Amino acid sequence: MKIFPSSSIKKLDAYTIENEPIASIDLMERAATALTKAITDRWNTETPVTIFAGPGNNGGDALAVARMMAEKGYKLEVYLFNPKGELSPDCQTNKELVEMMEEVAFHEISTQFVPPVLTPDHLVIDGLFGSGLNKPLSGGFAAVVKYINSSPAMVVAIDIPSGLMGEENTFNVKTNIIRADVTFSLQLPKLAFLFAENTEFVGEWELLDIQLSEDGIEETETNYEMLEIEEIRSLIKPRKQFAHKGNFGHALLIAGSKGMAGASVLAARACLRSGVGLLTVHAPMCNNDILQTSIPEAIVETDANETCFAVPTDTDDYQAVGIGPGLGRNEETEAALLEQLEHCQAPVVVDADALNILANHRHALTHLPKGSILTPHPKELERLTGKCQDSYERLMKACELAHAAHVHIVLKGAYSAIITPEGKCFFNPTGNPGMATGGSGDVLTGVILALLAQGYPTEEAAKIGTYIHGLAGDVAQKKQGMIGMIASDIITCLPTAWRLVSE
Ligand SMILES: NC(=O)C1=CN([C@@H]2O[C@H](COP(=O)(O)OP(=O)(O)OC[C@H]3O[C@@H](n4cnc5c(N)ncnc54)[C@H](OP(=O)(O)O)[C@@H]3O)[C@@H](O)[C@H]2O)[C@@H](O)CC1
Ligand SMILES: [K+]
C-alpha cells in the first residue's frame, strides 16, 4: 500500500475527479458517508457531538458529516471557523446545507469564539485542517486546539489530527496539534502516523476507503510504502519436489562471546527455522559446548580465541554471512570484524555489536560486501549517523546512510522501515510491543541471514524477513501475551508464520 505526501494526495483527488469522473462535491459526499458510518458505528445517538470545522475541504468533510449525523438523529453543535471570510467552494456548499437544518446548532466564527462546554460524555469531531495544512497552527486556531485538548471529551480526527503535518513535524509546535483518540484517515495512511512520537496526536488510526482512482494511485510515484501480506506471499519461492539441502544455501553466523552465547543460539535457531540448507556458527571456544548441545542442526566452527571473536574466517563457501549478535566490542573483536568485512564476498547481515564497532570505524561502512543489510535499532542507527531529533529525521538520515554506503537498512521499531540504497522505504505492519525484549533482534538477524543464503535478493530478504519476524511475534503474542512472551517464543512461532504466508 502506497503512502503519499500531502502534495500527491491533492493530485490524486484531482485525478479521481477528472478520470472517474466524479464532481468534487460528490467525492466529499463519499468521504463524509464513510466517515459518518465509522463514527456512528462506534458512538450511538445518545452521544452529544460537537463539531469543529475549518475553512478548507477538511472543514467541508466535517460539515457534511454534521448533516449526515443530524439526519440519523444525533444532537449536534457545529462551529465553523472562517476568520478570513473565505471558504473552499465545497466547504461553502456544505455550510449552506447544514445551516438550513433546524436540528443543528450552527455557529460561524469570524472573530469572537465562546467555547462550548465539553464533558467526558461529549464526542468532538476535529475537521479544522487536513492535508492542506501548510504551517504550524498559531493564534485563534491554536487556542481552539488547546481548548479541545484540555477538555475531557473524546476526540475523533477527520483524515489527520489538525495541526499535524503529513510527513515532517520536526519544527512543528507540538502544543498546537489536536490529540485525537481516533483518527479516521481517508484512503491511505500518512507517513506521520508511523512515527512513535506522533501516537499521542493520532491515537488509534483507521483507514476509510473512498475509492480514489486505482490508476491514479498506481501511476503516482512515492518513496514510501506499507508492506502487505500479498506482496510477501508472492515473493516466497515454492520448494521443488526434488530439492535438497544444497539448494537452500550455506549460511555462516559469526556471533557470541563469553556470557553472550544466548544471542548466537537465538540467531542460529531462527536461521534454521527459516529454511536455510546448512548453518555454520563461528564462535569462541567457550561457547562450543553450549552451541553443540542447544542446536544440534548447526555446525560449530570454533575461533582460536577462548572468549571472543578474534580471528576472521574464510567465507568462500558461504552464500551469506550474519555478524554481530552478542559479539562484544573488545579490541581483538574490532580488528577481526573489520578484516572479516573487508575480505568477505558474500552479502552480510550486520547487527548489534558489529554495528557499534562500525560506528567507531565509519570508513568501513562504504566498503561492505555488495548486497549487505544493516539492522540497527534507533540507538544503533544514531551511533552511525549522529543524534536525531525525531523519527522523521532518523528516517532521512538512514536513507542518506543507505545511499552513501550502498546498503539496505532495516530500521527496527514499530513499523520497521526497510530502506533501499535508492531511497525507497517499505514499512512493516506486523509485530507488537511484546517483541520489545532482549534477543528479539538476534532472531531477525537469523531470519534474514537464512533468506540471503537461500539466494533471495537483498531487498526481498529484508522485506520477507522483517514481515515474518513480526508475524511470528504476533502469533507468539496470541499464545503467550505481550508481557510474558520472550524472544525464544518468536522462534517457536516462526514455522506458523511461514505457513501463514506460504500455504
Ligand atoms: N484525500 C481525498 O481524496 C479527499 C480529501 N478530502 C478532504 O480535504 C482535505 C484537504 O482539504 P484542503 O486541501 O482544502 O485543505 P485543508 O486541510 O482543509 O486546509 C486548507 C485551508 O487551510 C488554510 N491553512 C493551511 N494551513 C493553515 C494554518 N497553519 N493556519 C491557518 N490556515 C491554514 C489554507 O489557507 P491558505 O493558507 O492556503 O490561504 C486553506 O484555506 C483532506 O484532509 C480531507 O479531509 C475530501 O473532502 C475529499 C477527498
Ligand atoms: K482534521
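All of these numbers come straight from a predicted model, not from anything done at the bench.

S.K.: Just to check I follow, could you spell out the site of ligand 1 for this structure?
M.R.: Residues in close proximity to ligand 1 total 28 residues, the closest being Gly 56, Asn 57, Asn 58, Gly 130 and Gly 132. Within the residue set of the shell around ligand 1, elements represented by two or more residues are α1 (6-19), α2 (24-42) and α3 (57-71). Per-element accounting of the shell around ligand 1 gives the leading share, five residues, to α3. Looking at the shell around ligand 1, its residues break down into 13 nonpolar, 11 polar and four charged.

S.K.: Is there a simple way to explain the UniProt feature "binding site: AMP" (unreviewed entry) in the protein in this structure?
M.R.: When the UniProt feature table is mapped onto this chain, "binding site: AMP" (unreviewed entry) is found at Lys 412, Gly 413, Ala 414, Tyr 415, Ser 416 and Gly 441. A stretch of 30 residues holds the annotated residues, and the largest C-alpha distance among them is 14.2 Å, short enough that they meet in one place. Tracing the sequence through the fold places Ser 416 in the loop between β16 (408-411) and β17 (417-419). Of the residues examined, Ser 416 has 25 C-beta atoms within 10 Å and is grouped as buried. The residues touching Ser 416, leaving out its near neighbours within four places in the chain, are Val 410, Leu 411, Asn 428 and Thr 466. Checked against the element boundaries, Gly 441 lands in helix α15 (residues 440-453). The exposure class of Gly 441 is buried, given the 25 C-beta atoms found within 10 Å. For Gly 441, the contacting residues outside a window of four places in its chain are Asp 351, Ala 352, Thr 375, His 377 and Lys 412.

S.K.: What exactly am I supposed to notice about unusual backbone geometry here?
M.R.: In most cases, non-glycine residues show a negative phi, while peptide bonds are predominantly trans. Between Glu 20 and the following residue, Pro 21, the backbone shows a cis peptide bond with an omega angle of -20 degrees. By the secondary structure assignment, Pro 21 is in the loop between α1 and α2. Here the phi dihedral of Asp 159 falls at roughly 75 degrees; this positive angle occurs in a residue that is not glycine. One can find Asp 159 in the loop between β6 (154-158) and β7 (182-186). By the C-beta count within 10 Å, which is 26 here, Asp 159 ends up buried. Backbone geometry places Gln 187, a non-glycine residue, at a positive phi of 70 degrees. Take Gln 187: it is sitting in the loop between β7 and α6 (199-202).

S.K.: Would you mind showing me how to read the UniProt feature "domain: YjeF C-terminal" (unreviewed entry) in the protein here?
M.R.: Under the feature "domain: YjeF C-terminal" (unreviewed entry), the UniProt entry names residues 228-501. Across residues 228-501 one finds 45% helix and 12% strand; the C-alpha atoms that close the span lie 11 Å apart.

S.K.: Help me understand the sheet that holds strand β5 (residues 123-127), please; the structure alone is not making it clear to me.
M.R.: Two orientations exist for strands paired in a sheet by backbone hydrogen bonds: parallel and antiparallel. Taken together, the seven strands give an open sheet; going across it, the order is β4-β3-β2-β5-β6-β7-β8, and neighbouring strands pair in parallel fashion. Because the sheet does not close on itself, it has two edges, and the strands there are β4 (104-109) and β8 (204-208). Across the sheet, the axes of successive neighbouring strands diverge by a mean angle of 15 degrees, strand direction being ignored. Pairing of strand β2 (residues 49-53) with strand β3 (residues 76-81), which is carried by five bridges, proceeds in the parallel orientation. Looking across to β3, one finds that Thr 50 is bridged to Glu 77. Contacting β6, β7 and β8, α2 runs over the sheet at an angle of about 135 degrees to β8.

What counts as what
- Residues numbered from 1 in each chain as written.
- Chains lettered and ligands numbered in written order.
- Predicted model: local features only at pLDDT ≥ 70, side-chain atom pairs only at ≥ 80, totals over all residues.
- Near = placed C-beta within 6 Å.
- Helix = DSSP H or I, 4+ residues; strand = E, 2+ residues; numbered from the N terminus.
- Nonpolar A, V, L, I, M, F, W, Y, C, P; charged D, E, K, R; others polar.
- UniProt positions renumbered as here; feature names shortened; annotations may be inferred.
- Buried ≥ 20, exposed ≤ 12 C-beta atoms within 10 Å, placed from the backbone.
- Contact = placed C-beta atoms within 7 Å.
- Pairing = 2+ DSSP bridges.
- Axes fitted to C-alpha atoms, helices over the stretch in contact; angles between N-to-C directions.

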